[in-house]
Amino acid sequence: MVPETPASDAGLRRVELRSDTFTMPTPAMLRAMTAARLGDDTYGEDPTVRELELLAARTLGKGDGCFMPSGTMANLASILTHCPRGTKVVVGAESDIYVYEAGGASVCGGVVFEPVRNAPDGTMALADIEAAFPEDPEDPQFALPSLLCLENPQNRCGGRVLPLDHLAQVAELARRRGVPVHLDGARIFNAALSSGVPASEIARHADSVQFCLSKGLSAPVGSMVVGDAGFIDGVRRVRKMLGGGMRQVGVLAAAGLVALEEMVDRLADDHVSARALAAGLALLPGVTVEPVETNMVFFRVAHPTLTQDKFLSLCSAEGVHLAELGHGRIRAVTHAGVSDGDVERALAVFRRILAPVAAQT
Ligand SMILES: *Cc1c(COP(=O)(O)O)cnc(C)c1O
């Protein structure tokens, strides 16, 4: 059985650019899933899960790892483990944790979000982070920060990659202020590729890291949290509390192992396709494209008669699926299910839909 992306409504081959979460498990993953050695993971007895956790920890240079059902739960369990109730977590105002995770840390953990502005390149000004720390920590009016979160790549800033020296500066600030750093590295291997370093060189600047197996790495389900062994014990307890303790989940971890072993290097292809897509888009009338550093292309379409919504629905009627993602920009994400031919076809569709602008100007 090889799962296939369904054809579009028009019966055309679907070009799915909404997200790399649409990737399907590979044949090697499906074989590994049926052959996996299993046990009850809540008893810590699933050998395939354990193998994945140790591989993830080793890959990112941390002491231990914990398999999670989703990136959202991975971030939430990490925050709840780091942060006592009534303290603050400093987050990017454009971060997934702040914008897209249903306020989980506040709802479940009584943790207050302190959002800090992200510049267009994803970075946060050190002075703005400093401002989140009260001048007088003894003053009982103030909730005190207990964690600083970073996101790399920064999705809503265009999949931008944080410079390594920025990571080092933020980590130094956190150390000076006595708080740990959690990195939402949902696509950390894309960031590592773009920065030209192993993922452990990025993870080095954080005490804990979450990354997704289920995005560009093509596993059907799952995320990892890595950190030191004591921290991971805490995460495992919170995961159970949140209802994320799983049983013979080696069936999913087996796909995660293939993701880490076989799917990391090919992310380079996605970066090449994203650049090709951006270069083609930049030639079209009325299109403004943002800088591309990973597998994401953010752009805007200005047209005398078409709204962006109409543009998106015309594209999807032709089997090319895209979506708006933040501040009125359109996001296109390349992944293992998007071939060079798909990029060409998407560009041909965009060209046809936008053609009347050229005729009128
Ligand atoms: C996708 C994503 C998450 C959440 O992962 P889910 O598995 O969808 O819950 C968290 N952070 C970032 C930056 C993401 O892109």
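Residues numbered from 1 in each chain as written. Predicted model: local features only at pLDDT ≥ 70, side-chain atom pairs only at ≥ 80, totals over all residues. Heavy atoms only, no water.

Under an unreviewed UniProt entry, the name given to the chain is Threonine aldolase, and the organism recorded is Streptomyces sulfonofaciens. Its UniProt record gives the chain a comment under Cofactor (unreviewed entry), which states: "pyridoxal 5'-phosphate". (UniProt positions renumbered as here; feature names shortened; annotations may be inferred.)

Draft legend 1. A look at the overall build of the chain. Within the chain one finds 14 helices and 13 strands. Relative to the 2.2 N^0.38 estimate, which gives 21 Å for 361 residues, the radius of gyration of the chain is 21 Å and therefore close to what a compact globule would have. Reported as C-alpha extents along the three principal axes, the dimensions of the chain are approximately 65 × 55 × 35 Å. By residue count, 55% of the 361 residues in the chain fall in the buried class. A total of about 15100 Å² of accessible surface is found on the chain, and carbon and sulfur atoms cover 54% of it. Here the chain contributes 33 positive and 43 negative side-chain charges, whose respective centroids are spaced 3 Å apart. (Helix = DSSP H or I, 4+ residues; strand = E, 2+ residues; numbered from the N terminus. Rg over C-alpha atoms; globule rule 2.2 N^0.38 Å. Buried < 20%, exposed > 50% of the residue type's maximum accessible area, 1.4 Å probe, protein only. Areas by Shrake-Rupley, 256 points an atom, 1.4 Å probe, with all protein chains shown as cover. Lys, Arg positive; Asp, Glu negative; His and termini not counted. Charge placed at Lys NZ, Arg CZ, Asp CG, Glu CD.)

Draft legend 2. Structural view of the domain arrangement of the chain. For the chain, the assigned domains read domain 1 (7–24 + 266–359) and domain 2 (27–262). Put simply, the middle of domain 1 and the middle of domain 2, counted by C-alpha atoms, are 29 Å apart. With 22 residues of domain 1 at the contact, the number on the domain 2 side is 20 residues. Buried surface at the junction of domain 1 and domain 2, both sides included, amounts to about 1800 Å², of which 49% is carbon and sulfur. The interface formed by domain 1 and domain 2 holds 2 salt bridges in total. (Domains from an automatic or database assignment. Contact = heavy atoms within 4.5 Å. Buried area = accessible area lost by both parts, 1.4 Å probe. Salt bridge = Lys/Arg side-chain N within 4 Å of Asp/Glu carboxyl O.)

Draft legend 3. The arrangement of the packing of aromatic side chains in detail. Under the counting rule described, the total for this entry stands at 4 aromatic pairs. On the basis of an interplanar angle of 65° and a centroid distance of 5.7 Å, the ring pair of Y98 and F113 is categorised as edge-to-face. In this pair, Y98 is assigned in helix 4 (residues 96–99) and F113 in strand 4 (residues 112–116), connecting sequence segments 15 residues apart. Exposure remark for F113: the relative accessible area of 15% places this residue in the buried category. Put simply, the rings of F299, F311 and F350 touch in pairs and so form one group of aromatic residues. (Phe/Tyr/Trp six-rings, centres within 6.5 Å; stacked < 30°, edge-to-face > 60°.)

Draft legend 4. Summary view of the state of the cysteines. One pass over the structure, following the stated rule, counts 0 disulfides. The closest cysteine sulfur to the non-disulfide-bonded C83 is located on C149, 7.0 Å from its own sulfur. Among the residues examined, C83 registers a relative accessible area of 6% and is labelled buried. (Disulfide = S-S within 2.5 Å.)

Draft legend 5. Looking closely at the UniProt feature "modified residue: N6-(pyridoxal phosphate)lysine" (unreviewed entry) in the chain. Annotation from UniProt places "modified residue: N6-(pyridoxal phosphate)lysine" (unreviewed entry) at K215. Following the sequence through the fold, K215 ends up in the loop between strand 7 (208–212) and strand 8 (223–227). With relative accessibility at 16%, the residue K215 sits in the buried group. If near-sequence neighbours (up to four positions away) are discounted, K215 is found in contact with D20, T21, T23, A186 and R187.

Draft legend 6. Layout of the side chain of R331. Within the fold, R331 resides in strand 13 (residues 330–333). This buried residue, R331, is left without a salt bridge; D20 holds the nearest opposite charge, at 5.7 Å. A distance of 3.0 Å separates a polar atom in the side chain of R331 from the backbone oxygen of R18. (Polar contact = N/O pair within 3.5 Å; in protein donor to acceptor, adjacent residues only side chain to side chain.)

Draft legend 7. View of the pairing of strand 5 (residues 145–151). Burial runs high along strand 5: 7 of the 7 residues are buried. In terms of strand pairing, strand 3 (residues 88–92) meets strand 5 through 3 bridges, oriented parallel. Bridging from a neighbouring strand, V89 pairs with L147 of strand 5. Summarising the sheet, strand 5 and strand 6 (residues 181–184) pair through 4 bridges and their orientation is parallel. For C149, the partnering residue across the bridge sits in strand 6 and is H182. Once the chain exits strand 5 it traverses helix 7 (residues 164–177) before rejoining the sheet at strand 6, and the crossover so formed is right-handed. (Pairing = 2+ DSSP bridges. Right-handed = clockwise from strand over helix to strand, strands pointing away.)

Draft legend 8. Molecular detail of the packing of helix 3 (residues 71–82) against helix 10 (residues 229–241). Viewed as axis vectors pointing N to C, helix 3 and helix 10 meet at an angle of 120°, and their least axial separation amounts to 9 Å. Taken as a pair, helix 3 and helix 10 cross one another with a handedness that is right-handed. Seen from helix 3, the contacting residues are M73, A77, S78, L80, T81 and H82; seen from helix 10, they are F231, G234, V235, V238, R239 and M241. Looking at the contact of helix 3 with helix 10, its residues break down into 7 nonpolar, 4 polar and 1 charged. (Axes fitted to C-alpha atoms, helices over the stretch in contact; angles between N-to-C directions. Left-handed = near helix turned anticlockwise from the far one by under 90°. Nonpolar A, V, L, I, M, F, W, Y, C, P; charged D, E, K, R; others polar.)

Draft legend 9. A look at the sheet that holds strand 4. Pairing is mixed in the open sheet, where 7 strands are placed in the order 2-8-7-6-5-3-4. With partners counted over all chains shown, the strands left at the sheet margins are strand 2 (64–68) and strand 4, one partner each. Strand-to-strand, the axes of this sheet are offset by a mean angle of 20°, without reference to chain direction. In the packing of helix 10 onto the sheet, contacts are made with strand 2, strand 7 and strand 8, and the angle to strand 2 comes to roughly 20°.

Draft legend 10. Local environment of the sheet that holds strand 13. The 4 strands lie next to each other as 9-10-13-12, forming an open sheet whose pairing is antiparallel. What marks the edges here is a single partner per strand, and that holds for strand 9 (287–289) and strand 12 (323–324). Sitting on the sheet, helix 13 (residues 308–317) touches strand 10 (296–301), strand 12 and strand 13, and the angle it makes with strand 10 is about 125°.

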